[in-house]
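# Reading the structure
The chain contents come next:
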Amino acid sequence: MLFDREQLEKIREAKKMWEEGPLQKALDRFGAAESPNKFYTPLDIEDFNFLEKVGFPGTPPFVAGRYPVSAISTAWGRGSAVGMGGALKRAGRYTGFGAPEDTRDFYKDVHAKGLRVGGPNLAFDLPTQTGRDSDDEFAEGEVGKVGVAVDTLRDFEIIYEAFIGDMDLDKIASNFTINGSTNIILAMYVALAEKRGIPLSKLRGTPQNDILKEFVARGTQIFPVRPSMRMTRDTITYCAEHLPGMNTISISGYHMREFGATRVQAIAFTIADAIAYVQLGVDAGLDVDKFVRQMTWLSFGGGMEVLKEVAVRRAARRVWAGVMQERFGSKDPRNWYYRELGGALVGYWTATKQRPVNNLTRAVLGAAFSAMIGEPPACEPPYDEPLGLGHSLEAQQLGEDAARIIMEEAKLCEVLDPFAGSYYIESLTDQMEKEIRAILERIDKMGGAVAAVESGWMKEEIMRSSYEYQQALESGREVQVGVNKYTGPEEIEVTTPRTLPYDLGRREDAEERQIANLKKVKKERDNEKVQVCLKRIKEAAQDESVNLIPLFVEAVKEYASEGEICGVLKEVFGEAI
């Protein structure tokens, strides 16, 4: 307790005098019924217990930060790009487009310029994300558009021609932003490593693999919920045994927030999903304090009310620390905090196509407040996010320099959790913790996150919040500068040059080239062996206890395609609606 009862009583009396005196006079003067501002005092956190509510950095409940010393100050912003600390193996900026040759050549060009920004952080096109080959009728017009097309192991072999020698698989990390077919992509990575003679224990990387959020926010699910969760279980158990250096999942609330969830919903739903994923490992007989270390978190997303975003993240840290101890009996404090990429405190959905340079201001606000809660001062998204795929070199440079200014000039990373003890922030953190726990309790009563997703409840809640926000935006109760306010003819449209980091023209014929690639692979491979592999997968899929990844590895080595593998799985699992 910060103040004893006698002091609190004096503050209570003084507050009453202030409200009836200076405050009321000001309201009368302006003809206001109530104050447009709020002011917080020790009365809002009467029972505040520092050790219980905050703790020291790197100690439970990790509200003040995950580590005793900020990793940002020691690793971030010191190299050619924000976050490229030399001590860690990490993937680089999110990239991937066209046919595999196009993405390979992009990486080769980057390396030729002397830029070593880690391994590939692969964006896949929609057909690949949804388990369809490039020659599938439903893939027409989408091949290579929003990411790189990957149909067979041949495509992985092509992409990774840019990563050899001192950048071979055992010296880099690879990220795969894919969910429904994660295990097939993972099998390709394993097969590639084995072909190169690299021990699986040396592989590092992170697949996204957060399938539950696909059902409520993105829509790239391939199979129904429960077979999809079986696939996630397979990832967890396979990596625990064979790939100790690989993460198994990147749990993300970002997509739900972008879809319209409120900040509290995004945190609560993400934690509920995480509980379901941890339970998969527990039910499989794994030691919670071992396999959870292979789980990472992407981001919770964010919004422009940055102080509220600060509070909800501090609340999330406290809630997760409690979940790991109370629900799962974790004994290792390292598992009581979530390993989150962080940043992007204002989210991507706040970026506007109208007057886009304003997005830099939005991102800088988010980055500054991110820094003050121990997260990367990454100015995300680059200002031209709404203008089309591929952030320009100019936007990337402005974002990186802004992050450097925040750390090197403003020195906002020097103090850990400067909000600790703030009457307002601590009060808001407590309030949001209660709201998060209330939603988690409601989900528990439904039977957990899987049941909440299957029933449609979670998605309906997000859609309702999204509708309410849109109504507020259209009515003017919520403001976006340059969108629904300050749009008169006297306003100036500020622009900058936009130099894209890759050749857009190569996307135009990517579909034709990739279909030709796939046709050639199918003609030259041993199709009898492929059919044998597919038959074995179909039979094994009928036994829920079987881990399918070893069979995927065998199949991709014979150049079975992702679409073929997903096709036989659909015959057993059914298809997501």
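Residues numbered from 1 in each chain as written. Predicted model: local features only at pLDDT ≥ 70, side-chain atom pairs only at ≥ 80, totals over all residues. Heavy atoms only, no water.

When you go through the chain residue by residue, the secondary structure sums to 23 helices and six strands. For a compact globule of 577 residues, the expected C-alpha radius of gyration is about 25 Å, and the chain comes in at 25 Å, within 12% of that figure. Once the C-alpha set of the chain is aligned to its principal axes, its extents read approximately 90 × 60 × 45 Å. For the chain, the proportion of contacts with a sequence separation of at least 24, taken over those separated by at least 6, is 78%. In the form shown here, the chain has an accessible surface area of approximately 25,500 Å², with 53% of it arising from carbon and sulfur atoms. Across the chain, 72 positive and 88 negative side-chain charges occur, with their mean positions spaced 2 Å apart. (Helix = DSSP H or I, 4+ residues; strand = E, 2+ residues; numbered from the N terminus. Rg over C-alpha atoms; globule rule 2.2 N^0.38 Å. Contact = heavy atoms within 4.5 Å. Areas by Shrake-Rupley, 256 points an atom, 1.4 Å probe, with all protein chains shown as cover. Lys, Arg positive; Asp, Glu negative; His and termini not counted. Charge placed at Lys NZ, Arg CZ, Asp CG, Glu CD.)

Our next topic: the nonpolar core. Of all hydrophobic cores here, the largest spans 61 residues; its most connected members are F156, Y160, I565 and L569. Every element with two or more residues in this core is listed here: α4 (100-112), α6 (153-159), α7 (182-196), α9 (225-242), α21 (527-541), α22 (549-557) and α23 (562-573). Ranked by residue count, the leading element in this core is α7, at ten residues. Beyond its immediate sequence surroundings of up to four residues, I565 is in contact with I184, L534, I537, F552, A555, V556 and A560. (Core = buried A, V, L, I, M, F, W, Y, C linked by side-chain atoms within 4.5 Å. Buried < 20%, exposed > 50% of the residue type's maximum accessible area, 1.4 Å probe, protein only.)

As for its position among the elements, C413 is in the loop between α15 (393-409) and α16 (423-446). Ignoring anything within four residues of it in the chain, the contact list for C413 reads I72, S73, A371, P377 and M407.

Time to look at unusual backbone geometry. The amide bond that connects P60 to the next residue, P61, takes the cis arrangement and shows omega of 5°. One can find P61 in the loop between α2 (50-53) and α3 (71-75). At N209, a position not held by glycine, the phi torsion is positive, near 60°. With phi around 55°, K411 is a residue other than glycine that occupies positive phi space. As for its position among the elements, K411 is in the loop between α15 and α16.

To continue, consider the pairing of strand β3 (residues 174-177). Bridge count for strand β2 (residues 119-123) against β3 is three bridges, and the pairing is parallel. Pairing of L122 across the sheet is with F176, part of β3. In terms of strand pairing, β3 meets strand β4 (residues 205-207) through three bridges, oriented parallel. The residue bridging F176 from the neighbouring strand is P207, located in β4. For the handedness criterion, the β-α-β arrangement of β3, α7 and β4 is classed as right-handed. (Pairing = 2+ DSSP bridges. Right-handed = clockwise from strand over helix to strand, strands pointing away.)

This part takes up the packing of aromatic side chains. Applying the stated criterion across every chain yields a total of 22 aromatic pairs. With 5.8 Å between their ring centres and 55° between their planes, Y160 and F163 make a pair best called tilted. Here Y160 falls in the buried class, since its relative accessible area comes to 0%. Judged by its relative accessible area of 0%, F163 is buried. Where W297 meets W320, the ring centres are 5.0 Å apart and the plane angle is 70°; that geometry is what we call edge-to-face. Within this pair, whereas W297 is found in strand β6 (residues 295-297), its partner W320 is found in helix α13 (residues 306-326), the two being separated by 23 residues in sequence. Joined through ring pairs, the aromatic side chains of F106, Y107, F156, Y160, F163, F176 and Y189 make up one cluster. (Phe/Tyr/Trp six-rings, centres within 6.5 Å; stacked < 30°, edge-to-face > 60°.)

This brings us to the domain arrangement of the chain. By the assigned domains, the chain splits into domain 1 (14-42) and domain 2 (89-207 + 496-577). Placing the centre of domain 1 and that of domain 2 at their C-alpha centroids yields a distance of 62 Å. (Domains from an automatic or database assignment.)

Here we come to the side chain of R233. Residue position: R233 is located in helix α9. Not counting chain neighbours up to four residues away, the residues in contact with R233 comprise L280, A284, E544, S545, V546 and N547.

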